[in-house]
Amino acid sequence: QALAAHQVAILRGETSRELANLTAKLTADLEVIRSHSDRSLERLKMYLDAEKNAYREISGAAATYFYSLRSIAIGKWNAEFFETAEQRMISATRHLIYVEQDMRDTWMTFWQEAQLIYREGLKEINDDKRPSVVEAAIMKRVKATDGSFNFRDRYNQVESIARRSIGRERDVESSPPIPTS
């Protein structure tokens, strides 16, 4: 019996040491995983912030251009509106890398159409008639591969994509946190 009790004690000691070693190894591995997870989460947050900012800047530039054209269509010709809008669009191009392809394509199409509308207005020699030329160009329906649009529809498309994308990010931000312990 003494021998059996001694062997049980030895087994208990070995089991306790193995369990302690296993616990230490698992704890260390878990810390490494948490560390990698924390860094990945930080990178994801930075990317989401950059993406959200990009959608805001790009859609904001489009809004400036759209409402500049609308203001001219209902008011007086003002070349400064176009210069400001064009500069805002140029400045926003640096954000294109952070947005999805559908936004890039729609935004670039919007910009090209805006420039065409501006040039249509410039063709009219009489400054007093330019606003009505711009208004007609804004309302003109154009067939495209993605449907038939007027300029207002194209602007709404840009805004819709931006809202959907920012909303998607908001869904990620508001999801419950993943428990770490």
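Structural data are supplied above this passage.
What comes next concerns the included structure. (Residues numbered from 1 in each chain as written. Predicted model: local features only at pLDDT ≥ 70, side-chain atom pairs only at ≥ 80, totals over all residues. Heavy atoms only, no water.)

**Structural notes on helix α2 (residues 79-92)**
- Compared with an ideal rise of 1.5 Å per residue, which puts 14 residues at 20 Å, α2 spans 20 Å between its outermost C-alpha atoms and is within 8% of the ideal.
- Three or more residues of α2 are buried, namely F82, A85, E86, M89 and A92. Projected down its long axis, α2 shows its buried positions confined to an angular sector of 125°, all on one face. In α2, the exposed residues that point more than 90 degrees away from the buried face are E80, E83 and Q87.
- Its side-chain oxygen placed 2.9 Å from the backbone nitrogen of E80, N78 serves as the N-cap of α2. (Helix = DSSP H or I, 4+ residues; strand = E, 2+ residues; numbered from the N terminus. Expected span 1.5 Å × (residues − 1). Buried < 20%, exposed > 50% of the residue type's maximum accessible area, 1.4 Å probe, protein only. Arc of directions from axis to C-beta. Polar contact = N/O pair within 3.5 Å; in protein donor to acceptor, adjacent residues only side chain to side chain.)

**Notes on the environment of F149**
- Assignment of secondary structure puts F149 in strand β2 (residues 147-149).
- Assessed through its relative accessible area of 14%, F149 is described here as buried.
- Remark: the alpha-carbon pair of F149 and I138, spanning 11 residues in sequence, is separated by 9.9 Å.
- Apart from residues lying up to four places away in sequence, F149 is in contact with K140, R141, V142, R154 and Q157. (Contact = heavy atoms within 4.5 Å.)

**Here's the deal with the pattern of salt bridges**
- Counting across every chain of the model gives 6 salt bridges.
- One salt bridge in this structure joins E113 and R154, with 3.4 Å as the shortest N-O distance. Of this pair, E113 sits in helix α3 (residues 101-123) while R154 sits in helix α5 (residues 151-174), and the two are 41 residues apart along the sequence. Here E113 matches R154 in class, with each residue buried. (Salt bridge = Lys/Arg side-chain N within 4 Å of Asp/Glu carboxyl O.)

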